[in-house]
Amino acid sequence: MKSEIRKIIKARVKAMSIEEREAEALCLLSAVSAEPHFASANKVLIYNPLPDEIDVLPILERFKAVKRFFMPVVCGDILKILPYTERQCVGAYNISEPVGSDYVSINDIDLVIVPGIGFTTDGYRLGRGKGYYDRLLSGAACYKMGVCFSCQIEPTIGETTEPHDVKMDCVLFRQQVVACFV
């Protein structure tokens, strides 16, 4: 069922025009920057977006003078965390990753901005199926903020959740907080 939901949501995102994507991303970035947990966070784990994900890099550019940003690096079956640097290489799955070996624990991160294929209004996330973020965030005390296009909100994801699925503390799309649980 998860693979079918992924196909449906990916088709919705693909059907969005460039203008729709840009407009939603711009509104979402405003919502993220206004969110109190983001405002109070000093260390933020952010991601390099894939073509079908919200581009969150403008947040990094806007706030890099006042916050420390980190990015995930795929190492086998796990994600490790490196400080953001403009020096990057193409890593696993064709995603740009920072270069270095100065890894940071998830316990040192205040807030994680998490991509996903889809989300529910009660904070469940459907990823790409490899479980990287679930393994990284399992038991982590950091604030977990899911971000997505409005067409990626899908209630049926809740029917497919498993015990290892990590819920988000909030899910943002456009200028709306869909769900906050903390």
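Note that the structure is predicted; figures quoted are calculated from it, not measured. Numbering of residues starts from 1 in every chain and runs along the sequence as written. Local features in this predicted model are restricted to residues whose pLDDT is 70 or higher, and side-chain atom pairs enter the listing and the counts only when it is 80 or higher, whereas totals over whole chains, interfaces and linings include all residues. Processing note: side-chain calculations cover all non-hydrogen atoms of the structure and skip hydrogens and water entirely.

Residues and numbers for the layout of surface pockets, please.
Volume-wise, the largest pocket comes out at about 540 Å³. Every residue lining the largest pocket is counted, 29 residues in all, and those nearest its centre are Arg125, Arg128, Lys130, Tyr132 and Tyr133. Elements represented by at least two residues in the lining of the largest pocket include exactly helix H1 (2-15), strand E2 (68-75), strand E5 (96-98), strand E8 (125-126) and helix H5 (132-137). Grid spacing is 1 Å over the protein atoms alone, the probe is 1.4 Å, and a cavity is where that probe fits but cannot get out, while a pocket is an open set with protein on both sides within 12 Å along at least five of seven lines and lining residues have an atom within 4 Å of a point. Grid points are joined across faces, edges and corners, and a volume is the space filled by probe spheres set on the points. Only runs of H or I of at least four residues qualify as helices and only runs of E of at least two qualify as strands under DSSP, and these elements are numbered from the N terminus.

Summarise unusual backbone geometry; cite the residues concerned and give the values.
Positive phi is not limited to glycine here, since tyrosine 93 has a value of about 60°. Along the polypeptide, tyrosine 93 turns up in the loop between strand E4 (88-90) and E5. In the Ramachandran plot, asparagine 94 falls in the positive-phi region, its phi being about 65° despite a non-glycine side chain. Within the element layout of this structure, asparagine 94 appears in the loop between E4 and E5.

Tell me about helix H2 (residues 18-34), residues and numbers included.
In this model, H2 (17 residues) spans 24 Å end to end at C-alpha, consistent with the 24 Å of a helix rising 1.5 Å per residue. Type-normalised accessible area, obtained with a 1.4 Å probe on protein chains alone, sets the label of each residue: buried when under 20%, exposed when over 50%, and partly exposed for intermediate values. Restricting attention to buried positions, one finds in H2 the residues Glu24, Ala25, Leu28, Leu29, Ala31, Val32 and Ser33. Multiplying one less than the number of residues by 1.5 Å gives the expected span of a helix.

Can you tell me about the packing of aromatic side chains, naming the residues and giving the values?
Any two of the Phe, Tyr and Trp rings considered here, Trp counted by its six-membered ring, make a pair once their centres fall within 6.5 Å; the pair's planes then place it as stacked at under 30 degrees, edge-to-face at over 60, or tilted in between. Using the criterion set out here, one finds 2 aromatic pairs in the structure. Ring geometry for phenylalanine 38 versus phenylalanine 63: centroids 5.0 Å apart, planes at 75°, classification edge-to-face. Placement of phenylalanine 38 in helix H3 (residues 36-40) and of phenylalanine 63 in helix H4 (residues 57-63) is noted, with a sequence separation of 25 residues between them. Overall, phenylalanine 38 belongs to the buried group, its relative accessible area being 1%. Aromatic pair tyrosine 93 and tyrosine 132: ring centres 6.0 Å apart, planes at 75°, arrangement edge-to-face. Here tyrosine 93, found in the loop between E4 and E5, pairs with tyrosine 132, found in helix H5; they are 39 residues apart in sequence, far enough to count as distant. Among the residues examined, tyrosine 93 registers a relative accessible area of 46% and is labelled partly exposed. Residue class for tyrosine 132 comes out buried when judged on its relative accessible area of 13%. The ring of phenylalanine 38 is capped by lysine 67, whose NZ or CZ atom sits 4.8 Å from the centre of that ring. Only Lys NZ and Arg CZ are tested; either one counts as a charge over a ring when it is within 6 Å of the ring centre and within 35 degrees of the ring normal.

Would you mind going over the environment of serine 40 in detail, with residue names and values included?
The topology assignment puts serine 40 in helix H3. Serine 40 gets classed as exposed once you look at its relative accessible area, which sits at 54%. Counting along the chain gives 71 residues from serine 40 to leucine 111, while the straight-line C-alpha distance between them is 9.2 Å. From its side chain, serine 40 meets the backbone oxygen of histidine 37 in a polar contact 3.4 Å long. Think of a polar contact as two N or O atoms within 3.5 Å of one another; within protein, one of them needs to be a possible hydrogen donor and the other a possible acceptor, and neighboring residues in sequence only count if both atoms come from side chains.

Explain the pairing of E2 to me, using residue names and the numbers behind them.
Counting buried positions over the 8 residues of E2 gives 6, a clear majority of the element. For two strands to count as paired, DSSP must find a minimum of two bridges between them. For strand E1 (residues 43-45) and E2, the ladder comprises 3 bridges, and the chain directions are parallel. Bridged to leucine 45 within E2 is phenylalanine 70. Handedness of the crossover is the feature at issue here: the chain leaves E1, passes through H4, returns alongside E2, and the resulting connection is right-handed. Pairing of E2 with strand E3 (residues 78-83), which is carried by 6 bridges, proceeds in the antiparallel orientation. Along E3, the bridge assignment pairs methionine 71 with leucine 82. With its strands directed away from the observer, a crossover is right-handed exactly when the path from the first strand over the helix to the second travels clockwise.

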